[in-house]
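In case you want the letters, here they are:
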Amino acid sequence: MAVIKADAYGHGGVNVARLLRGRAKRFAVAIIEEALVLRDAGIVEPIVVLEGAHQPRECALAFQHNCILVMHTQQQLEWVRHCEPDRRPAIWLKVDTGMHRLGFAVDEIEHIVQAYHGILCEETVLATHLACADDEQSGATPAQLAAFSKVAAQFNFPVSIANSPATILWPQSRRGWNRLGVGLYGSQPTAGNVNIKPAMTLRSSVIALRTVPAGDSVGYGQTWTATRDSRIATVGIGYADGYPRHCPNGTPVVINGSKAELVGRVSMDMITIDVTDIPTVSIGDSVELWGENLSIDEVARHAGTISYELMTRISVRVPRIVRHR
Ligand SMILES: *Cc1c(COP(=O)(O)O)cnc(C)c1O
């Protein structure tokens, strides 16, 4: 199952849904509004809505638009029960095995299944979500997997457990529907030894070049001072595009095939790069902020965050250009 919530992690939900058509058997989004955008664009595959319905009217919408709602509260189940019997959306049941964010408690689920048997369907899957799947050492995942197995053994439902890190690090979690998000886009936040290619390359270009004498500073707040006469390239991307303002001096970018370092603060529309050691740089040259030649995970570490946040924060100002490779 391809998780394409948050505009397919910033890649463009409709683009990605079209590319994965016929390859992913199913799509997943967080909220029904995201599914409606896909339906408007002509995407017809069933879509799982991971947060289920937030209001009763979303149950009718889900039925109308062939969406599957993941139920995690009794109130949501009541909303579905109150739909006309032949107009009830398909539902999944979410079990809270330890993440404590969404889902029915482990000791509650048997009662829920009995009480709402009449609105379950062939599609109904028992799902859970792992809190620490990206940590090979954590005892939390074995505990969650054990709790889930115990629950699942009581019934005959298909199951859904794994997210991207779990598919890499916890093979025993790969059962039934695997919910692949970030891995699909080629980020590898976990230690796992899997070679995946980034789908997204974020690029801009050099819009100005100057020499800054040793002792002078660059950018807002003068947070970086040249220790030698330096060539500084100004690049047309900033935090309004989704390039993180938290990136410190030394964050890598790639220009003309070489790594160079961010110097000075990230502005709204521009950043400044020390290109003293890359004499070939000229105005108009393409600059890669992350992607093909520079791992988004490495940039995320500099910014003190994770690739997920970098991807999903690319703003509407940045055109998404689809290249088939
Ligand atoms: C977002 C999400 C996923 C996908 O997670 P990745 O780590 O990006 O693979 C899977 N399951 C649920 C419930 C989610 O919310």
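Residues numbered from 1 in each chain as written. Predicted model: local features only at pLDDT ≥ 70, side-chain atom pairs only at ≥ 80, totals over all residues. Heavy atoms only, no water.

**A few points about the pattern of salt bridges**
Consideration 1: Counting across every chain of the model gives nine salt bridges.
Consideration 2: Here Arg26 and Glu123 are joined by a salt bridge, their closest N and O atoms 3.2 Å apart. Highlighted residues: Arg26 in the loop between α2 (13-20) and β2 (27-29) and Glu123 in the loop between α6 (109-115) and β7 (126-127), separated in sequence by 97 residues.
Consideration 3: By relative accessible area, which is 8% here, Arg26 ends up buried.
Consideration 4: Residue class for Glu123 comes out partly exposed when judged on its relative accessible area of 32%.
Consideration 5: Asp274 is the partner of Arg228 in a salt bridge, and the nearest nitrogen-oxygen pair spans 3.6 Å. Of the two residues, Arg228 is situated in the loop between β11 (224-225) and β12 (230-235) and Asp274 in strand β15 (residues 271-274); the sequence distance between them amounts to 46 residues. (Salt bridge = Lys/Arg side-chain N within 4 Å of Asp/Glu carboxyl O. Helix = DSSP H or I, 4+ residues; strand = E, 2+ residues; numbered from the N terminus. Buried < 20%, exposed > 50% of the residue type's maximum accessible area, 1.4 Å probe, protein only.)

**Topic: the domain arrangement of the chain**
Consideration 1: Partitioning the chain into structural domains gives domain 1 (2-185) and domain 2 (202-312).
Consideration 2: Taking the mean C-alpha position of each, domain 1 and domain 2 sit 39 Å from one another.
Consideration 3: Counting residues at the interface gives seven residues for domain 1, matched by four residues for domain 2.
Consideration 4: Where domain 1 meets domain 2, there are zero salt bridges.
Consideration 5: In terms of residue class, the side of domain 1 that touches domain 2 is made up of five nonpolar, two polar and no charged. (Domains from an automatic or database assignment. Contact = heavy atoms within 4.5 Å. Nonpolar A, V, L, I, M, F, W, Y, C, P; charged D, E, K, R; others polar.)

**What to know about the layout of surface pockets**
Consideration 1: Taken as a whole, the largest pocket holds about 1200 Å³ of empty space.
Consideration 2: For the largest pocket, the lining is made up of 29 residues, of which His11, Ala199, Met200, Arg323 and Arg325 are closest to its centre.
Consideration 3: Mapped onto the lining of the largest pocket, the elements with two or more residues apiece are α2 and β9 (202-212).
Consideration 4: For the lining of the largest pocket, the leading source of residues is α2, giving four residues.
Consideration 5: Here the residues of the lining of the largest pocket sort into 15 nonpolar, seven polar and seven charged.
Consideration 6: Both domains that furnish three or more residues to the lining of the largest pocket are identified here as domain 1 (2-185) and domain 2 (202-312).
Consideration 7: Each pocket or cavity is described by its volume, and for the second largest pocket that value is around 780 Å³.
Consideration 8: Residue lining of the second largest pocket: 30 residues in total, with Lys5, Tyr9, Arg101, His129 and Tyr308 positioned closest to the centre.
Consideration 9: Going through the elements one at a time, α1 (5-9), α8 (164-169) and α10 (307-312) are the ones with two or more residues in the lining of the second largest pocket.
Consideration 10: For the lining of the second largest pocket, the per-class residue count stands at 18 nonpolar, five polar and seven charged. (1 Å grid on protein atoms, 1.4 Å probe; cavity = no way out; pocket = protein on both sides within 12 Å on 5 of 7 lines; lining within 4 Å. Points joined across faces, edges and corners; volume = space filled by probe spheres on them.)

**A closer look at the nonpolar core**
Consideration 1: Core analysis: the biggest nonpolar cluster contains 97 residues, and Ile4, Leu93, Leu126, Tyr243, Ile273 and Trp290 have the highest contact counts within it.
Consideration 2: Examining the composition of this core, we find that five residues originate from one element, strand β4 (residues 67-71), more than from any other.
Consideration 3: When residues are assigned to domains, this core turns out to be shared by domain 1 (2-185) and domain 2 (202-312), each giving three or more.
Consideration 4: Once residues within four sequence positions are removed from consideration, Leu93 is found in contact with Met71, Leu77, Phe104, Ile109, Ile112, Val113, Leu120, Thr124, Val125, Leu126 and Ala127. (Core = buried A, V, L, I, M, F, W, Y, C linked by side-chain atoms within 4.5 Å.)

**A word on the environment of Asp134**
Consideration 1: By secondary structure assignment, the location of Asp134 is in the loop between β7 and α7 (140-153).
Consideration 2: Overall, the relative accessible area of 47% leaves Asp134 in the partly exposed class.
Consideration 3: Through-space distance from the C-alpha of Asp134 to that of Asp216 is 43 Å; in sequence the pair is 82 residues apart.
Consideration 4: With near-sequence residues (within four places) excluded, Asp134 lies in contact with Pro165, Leu169 and Thr190.

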